[in-house]
Amino acid sequence: IRSIGILGGGQLGRMLSVAASRLGLRCHIYEPGAAPAGDVAHALTTAPYDDEAALRAFAESVDVITYEFENVPTSALDLLESIRPIRPNRRALAVSQDRLTEKTFLNEIGLATAPFADVPSERDLATAVERIGAPSILKTRRMGYDGKGQVRITDPGQLEWTGAPSVLEGFVDFSAEISVIIARAADGQVAGFDPGLNVHEGGILRTTTVPCGLPGKVTTDAVLIAARIANALDYVGVMGVELFVTPAGLIVNEIAPRVHNSGHWTQAGCAVDQFEQHIRAVAGLPLGDGKRHADVVMENLIGDDMNRVPELLASPRTQIHLYGKGEARPGRKMGHVNRITS
Ligand code: ATP
Ligand code: MG
Ligand code: MG
């Protein structure tokens, strides 16, 4: 494989392109909107996902197709897959695009999730709240990220609707949130990175810290859960698995079929980071050494955190990544820093 097509031109696509370049591979980005990845990839197609000619030309120009964004329409994926393989596979995408399918799949393979109920329309909400109780969280089945499309239901009388088919999740009283970034190669080789401790603010990831400070039994369980998911999906590539730590054990929150924000620490903490690991997997190369060799705190630079860049550039043992996105709107992820703390 010499050339990789990436669906999505955001910061994840950008960092994947850099990793591919380092391995001597070419990247072609396909992005309907603004594409920070466009400046570092070898080729950029800016076209909507219903432009058949553009999709066809894109697929024909590469050897394999991957993605940094899981909400690509099915029709586009069908066309692309008729021309080149898509890795991770369509099942991994279908399962993680829809919170109802995702939770059902996780329970089927024996993993715990928050209790949930299908809420196809607003008139099903009252029954769902009766079943799941309050506090609970109503989430759109599709397209949500950074806490968007969610309503917190604090008392059973408060029936606010999300505006789209949703799932109602029981509120999990967790002691911590962790995530596992795991890589699986086409031959079934699996390499898990150390679990990171995640802190969110306003639904957006703020920091990830490794080591996560939890007992070895918990971190081992977390990696085994991620491996079970990857095996069940016959997954090829890097996947992020978000988990809640509770006294009753680990609960899976959601999975992302791609490199993940909570895995950015690997850039400073591992010989082979999540981006290179993903490129290796989808290109059919052996996975690399993902063992952690440093303690790291990753912090996202969101909105006007960009004002801190001069100070951060002057900080010791600090790696800074800026995505070249232009306007620093509130809530927008503009970059991140990895502080080496050991
Ligand atoms: P992401 O940007 O990670 O894709 P998202 O929009 O898909 O986010 P979730 O990960 O489902 O949203 O939820 C965002 C955050 O809200 C979680 O990290 C957690 O802090 C909190 N949260 C979500 N679901 C629950 C739950 N059932 N119980 C308690 N807290 C929850
Ligand atoms: Mg999500
Ligand atoms: Mg999440």
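Per an unreviewed UniProt entry, the protein chain is named N5-carboxyaminoimidazole ribonucleotide synthase, and its organism is Paracoccus alkanivorans. According to UniProt, the comment filed for the protein chain under the heading Pathway (unreviewed entry) is "Purine metabolism; IMP biosynthesis via de novo pathway; 5-amino-1-(5-phospho-D-ribosyl)imidazole-4-carboxylate from 5-amino-1-(5-phospho-D-ribosyl)imidazole (N5-CAIR route): step 1/2." Per UniProt, the protein chain carries the Catalytic activity (unreviewed entry) text "5-amino-1-(5-phospho-beta-D-ribosyl)imidazole + hydrogencarbonate + ATP = 5-carboxyamino-1-(5-phospho-D-ribosyl)imidazole + ADP + phosphate + 2 H(+)".

Novice: Quick one: what's the story with the sheet that holds strand S3 (residues 43-45), residue by residue and with numbers?
Specialist: The strand order across the open sheet built from 4 strands is S3-S2-S1-S4, with neighbouring strands paired in parallel fashion. The open sheet is flanked by S3 and strand S4 (64-67), the only strands paired with a single partner. Adjacent strand axes in the sheet meet at a mean angle of 25°, parallel and antiparallel pairs treated alike. As defined by bridge partners, strand S2 (residues 26-30) adjoins S3 across 3 bridges and the pair is classed as parallel. The partner of Tyr30 across the bridge, within S3, is Thr45.

Novice: So, the site of ligand 1: which residues are in play, and what are the values?
Specialist: Taken together, 17 residues surround ligand 1, and among them Ala114, Gly144, Tyr145, Glu169 and Val172 come closest. If you list the elements that add at least two residues to the shell around ligand 1, you get strand S6 (136-140) and strand S14 (249-256).

Novice: So what about the sheet that holds strand S8 (residues 166-170)? Which residues, and what values?
Specialist: Read from one edge to the other, the open sheet built from 4 strands follows the order S5-S8-S6-S7, with strand pairing classed as antiparallel. Looking at the sheet topology across the chains shown, the edges are occupied by strand S5 (116-119) and strand S7 (150-153). Ignoring which end each strand starts from, the neighbouring axes of this sheet average 20° apart. In this structure, S6 lies alongside S8, joined through 5 bridges in antiparallel fashion. Within S8, the position partnered with Ser136 by the bridge is Gly170. Against the sheet, helix H5 (residues 99-108) contacts S5, S6 and S8, and its axis sits at roughly 50° relative to S8.

Each value, and the rule that gives it
- Residue indices follow the written sequence of each chain, beginning from 1 at its first position.
- Each chain takes a letter, starting from A, and each ligand takes a number, starting from 1, following the order in which they are written.
- At least 70 in pLDDT is required for a residue's local features to be given in this predicted model, at least 80 for side-chain atom pairs to be given and counted, and no such filter applies to totals for whole chains, interfaces and linings, which use all residues.
- UniProt positions are given in the numbering used here, feature names are shortened, and annotations may be inferred rather than shown by experiment.
- Think of it this way: DSSP has to see at least two bridges between two strands before they count as a pair.
- Secondary structure counts use DSSP, requiring at least four H or I residues in a row for a helix and at least two E residues in a row for a strand, with both numbered from the N terminus.
- To obtain each axis, a line is fitted to C-alpha atoms, and for helices this fit is confined to the stretch in contact; angles are then taken between N-to-C directions over 0 to 180 degrees.
- Placing the C-beta atom from the backbone, one calls a residue near a molecule or strand if that atom lies within 6 Å of it.
- C-beta atoms are first placed from the backbone for all residues, and any pair lying within 7 Å is then listed as a contact.

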